[in-house]
Amino acid sequence: MVKLLVKKEMKNLFRTYFINQKSGKGYSKGKTISFILLFVFLIIIMMGMFAGMGFGLSPLISSGLGWFYFAIMGMLALALGVFGDVFNTYSMLYKAKDNEMLLSLPIPPSRILISRMVVVFLLGLLYEGMVFIPAVAVFWISGGSSVVPVFPALLYQILVFLFLGIFITTLTCILGWLVALLSTKLKHKNIAVIVLSVVFFGAYYFFCTKLSDFITSLIMNAEAFSRNIRSGFYPAYAFGMAGVGDTLDTIVFAAFSTITFAICVYVLSISFKKITTSSDRSEKKKYTGLKGKRVSQYWALWKLEGKRFISIPTYALNAGLGIIIMPVLAVVLIFKAKDVMPLLEMIKTTEYAPLIPMVASAMMASIISVDCGAAPSMSLEGKNIWILRSSPLDGKLLMRSKIDFHFSVNAFPALILAVVGTIMLKMEALDMVLVIVYTLGFSYLISSFGMMMGTIRANIDWTNPVVPIKQSMAVMIVLFSGWVLAIAYPGLWYLMRSFMPPVIWKIAMTALLLVLDVLTYLWCINEGVKKFKEL
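So, here is what we can say about the structure in this document. These numbers were taken from a predicted model, which means no experiment stands behind them.

1. With respect to the overall build of the protein
Then, in step 1: Helix and strand content of the protein: 23 helices and zero strands.
Then, in step 2: Residues counted as buried form 48% of the 535 residues belonging to the protein.
Then, in step 3: Considering only residue pairs separated by 6 or more positions, the protein has 83% of its internal contacts joining residues 24 or more positions apart.
Then, in step 4: Surface summary for the protein: the accessible area is close to 26,300 Å², and the carbon and sulfur share equals 72%.

2. Observations regarding the packing of aromatic side chains
Then, in step 1: Under the definition given, this model contains 18 aromatic pairs.
Then, in step 2: Ring centres of Phe-70 and Phe-132 lie 6.2 Å apart, and the angle between their planes is 45 degrees; on these two criteria the pair is classed as tilted. Here Phe-132 lies in helix H6 (residues 109-141) and Phe-70 lies in helix H4 (residues 66-94), a separation of 62 residues in the sequence. In this pair, the class of Phe-70 matches that of Phe-132, namely buried.
Then, in step 3: The ring of Tyr-494 has Arg-497 lying over it, and the distance from NZ or CZ to the ring centre is 4.1 Å.

3. Some thoughts on the side chain of Ser-379
Then, in step 1: Position of Ser-379 relative to the elements: it lies in the loop between helix H16 (355-370) and helix H17 (385-390).
Then, in step 2: A polar contact is formed between the side chain of Ser-379 and the backbone nitrogen of Asn-459, at a distance of 2.8 Å.
Then, in step 3: Not counting residues within four places of it along the chain, the set of residues in contact with Ser-379 comprises Gly-454, Arg-457, Ala-458, Asn-459, Ile-460, Trp-462 and Pro-468.

4. Considering the packing of helix H19 (residues 429-456) against helix H21 (residues 473-496)
Then, in step 1: It is at 9 Å that the axes of H19 and H21 come closest, and there the two elements cross at 150 degrees. If you check the angle between H19 and H21, you find them roughly antiparallel. The handedness of the crossing between H19 and H21 comes out as right-handed. Only Ala-474, Ile-477, Val-478, Ser-481, Gly-482, Leu-485, Ala-486 and Tyr-489 of H21 make contact with H19, whose side of the interface consists of Tyr-438, Phe-442, Leu-445, Ile-446, Phe-449, Gly-450, Met-453 and Gly-454.
Then, in step 2: For the contact of H19 with H21, the class distribution of residues is twelve nonpolar, four polar and no charged.

5. Points about the packing of H19 against helix H22 (residues 502-525)
Then, in step 1: Two elements in contact, H19 and H22, have axes separated by 8 Å at closest approach and are oriented at 30 degrees. As far as their axial angle goes, H22 and H19 are roughly parallel. Like other packed secondary-structure pairs, H19 and H22 cross with a definite hand, here left-handed.
Then, in step 2: When grouped by side-chain class, the residues that make up the contact of H19 with H22 number 20 nonpolar, five polar and three charged.

6. What to know about the nonpolar core
Then, in step 1: Core analysis: the largest hydrophobic core is formed by 45 residues, its most contacted members being Trp-67, Tyr-69 and Phe-139.
Then, in step 2: Those elements that place two or more of their residues in this core are helix H2 (29-57), helix H3 (59-62), H4, H6, helix H7 (150-183) and helix H11 (234-243).
Then, in step 3: A total of twelve residues in this core trace back to one element, the largest contributor, which is H4.
Then, in step 4: Ignoring anything within four residues of it in the chain, the contact list for Phe-139 reads Ile-61, Gly-66, Tyr-69, Phe-70, Gly-144, Val-147, Val-148, Gln-157 and Val-244.
Then, in step 5: One finds Ile-367, Ala-418, Ala-474 and Leu-513 within the second-largest nonpolar core, a separate group that totals 29 residues.

7. Here we look at unusual backbone geometry
Then, in step 1: Within the chain, Lys-426 stands out as a residue other than glycine whose phi angle is a positive 55 degrees.
Then, in step 2: The topology assignment puts Lys-426 in the loop between helix H18 (395-424) and H19.

Reading the values: rules and limits
- Residues numbered from 1 in each chain as written.
- Predicted model: local features only at pLDDT ≥ 70, side-chain atom pairs only at ≥ 80, totals over all residues.
- Heavy atoms only, no water.
- Helix = DSSP H or I, 4+ residues; strand = E, 2+ residues; numbered from the N terminus.
- Buried < 20%, exposed > 50% of the residue type's maximum accessible area, 1.4 Å probe, protein only.
- Contact = heavy atoms within 4.5 Å.
- Areas by Shrake-Rupley, 256 points an atom, 1.4 Å probe, with all protein chains shown as cover.
- Phe/Tyr/Trp six-rings, centres within 6.5 Å; stacked < 30°, edge-to-face > 60°.
- Lys NZ or Arg CZ within 6 Å of the ring centre and 35° of its normal.
- Polar contact = N/O pair within 3.5 Å; in protein donor to acceptor, adjacent residues only side chain to side chain.
- Axes fitted to C-alpha atoms, helices over the stretch in contact; angles between N-to-C directions.
- Parallel < 35°, antiparallel > 145°, perpendicular 65-115°, else oblique.
- Left-handed = near helix turned anticlockwise from the far one by under 90°.
- Nonpolar A, V, L, I, M, F, W, Y, C, P; charged D, E, K, R; others polar.
- Core = buried A, V, L, I, M, F, W, Y, C linked by side-chain atoms within 4.5 Å.

Right, here's the structure in full:
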């Protein structure tokens, strides 16, 4: 039974790579292979980044502290595994749409829970492997064979890779359980989930910004750090020793991971059914009588889109991260602009001076591209899309409301950052206007193009909202198209700088962006409405 449930979950998780969600027919082998290759390419990029980090720590291997090297890389793998998996776990374990259907069948809740945890484990292995596999490769490339026996060390490295994946599953499931438990008690549970996740994001990115200084300090004070880890956090020490082939510590780490996982399964199995079938709390209120306020169809649809945006934490986090990043960057610019001004003043004296506003616009566009919330918007209507289709509403208003909501969510923080950035970097008046117009135009393009691709590749047949939000081909196309367009702005001018006047290029690219805004909007209110009626 568990095997069948795991197979079902894996099919749901990766079906977008094999099946056209609109027609229900399988993709051709060529298209499926291209999707898989793109996915593999992204993983290889991440692995290359962590390989570079491993080479930065490689002096620990030659100095006889190979276990410390593995302890550090293991903690990074743990952090990435939990960070990458925790946002899926809550939705996958407790908020899947088929939970009640499965619980109504003669299937023990523990089997359902274990099958979901197996999928969480496999996803955790994927994230962990982006760090641990490069770490192992760097260890052997950097002379690991000269300090430890190859065969036993390699065998133990495979074992600790698997048992670290089990420990990652334990942590992510516990975090998902805590969030689910809190969600049954809190009045504004989705807001709480979003706030907690943002705090986690902030802590993670703060760590990333300090990582270079940390590695330098680590190399300089390796002995002191290693003593602290050995005495203060023994599981990390055991993991590191297992990485260099110590039998006893491999057993200790395996036992630690297995016992904590068993406790986790036991605790979750007790409350799994209760949490998944619990309804939202309702408060008793005395009826006072109110008059309903009549609003237009457009405004009602706009508010409905906003409610959905904040009601799904995964949606708000994946399609609204830039909303947080942009104001933070604006504050950083206010206090740190003086640190980069000497470099900018030097660039202004060279032939590359026109690149400054172009690169600034490209950076704005790259951040805005992350907030492609319009792309999964149509898919998130799910099976309830018939309500919209059967309602006496204008399809054009539906398209406009979705586009305008996601544009407004992006445009306000983007405008703040663009204005602050152009002022603090002391750009000329024309450049200030072009950067601001380009920023707002790009914000609208991501919304209208996202709505266009989201309608073309709508997937209303999902059991978990993570599928259209994080695994949708529409989201991937919009995200990468935005990045390509952003890079093309300064990149193409750099290649043509010998004959292309920068002012003409900046005006032409901004005008092109506005034309794309109009074209994608017209598609949405014409062809998009027809596609919507066929869903």
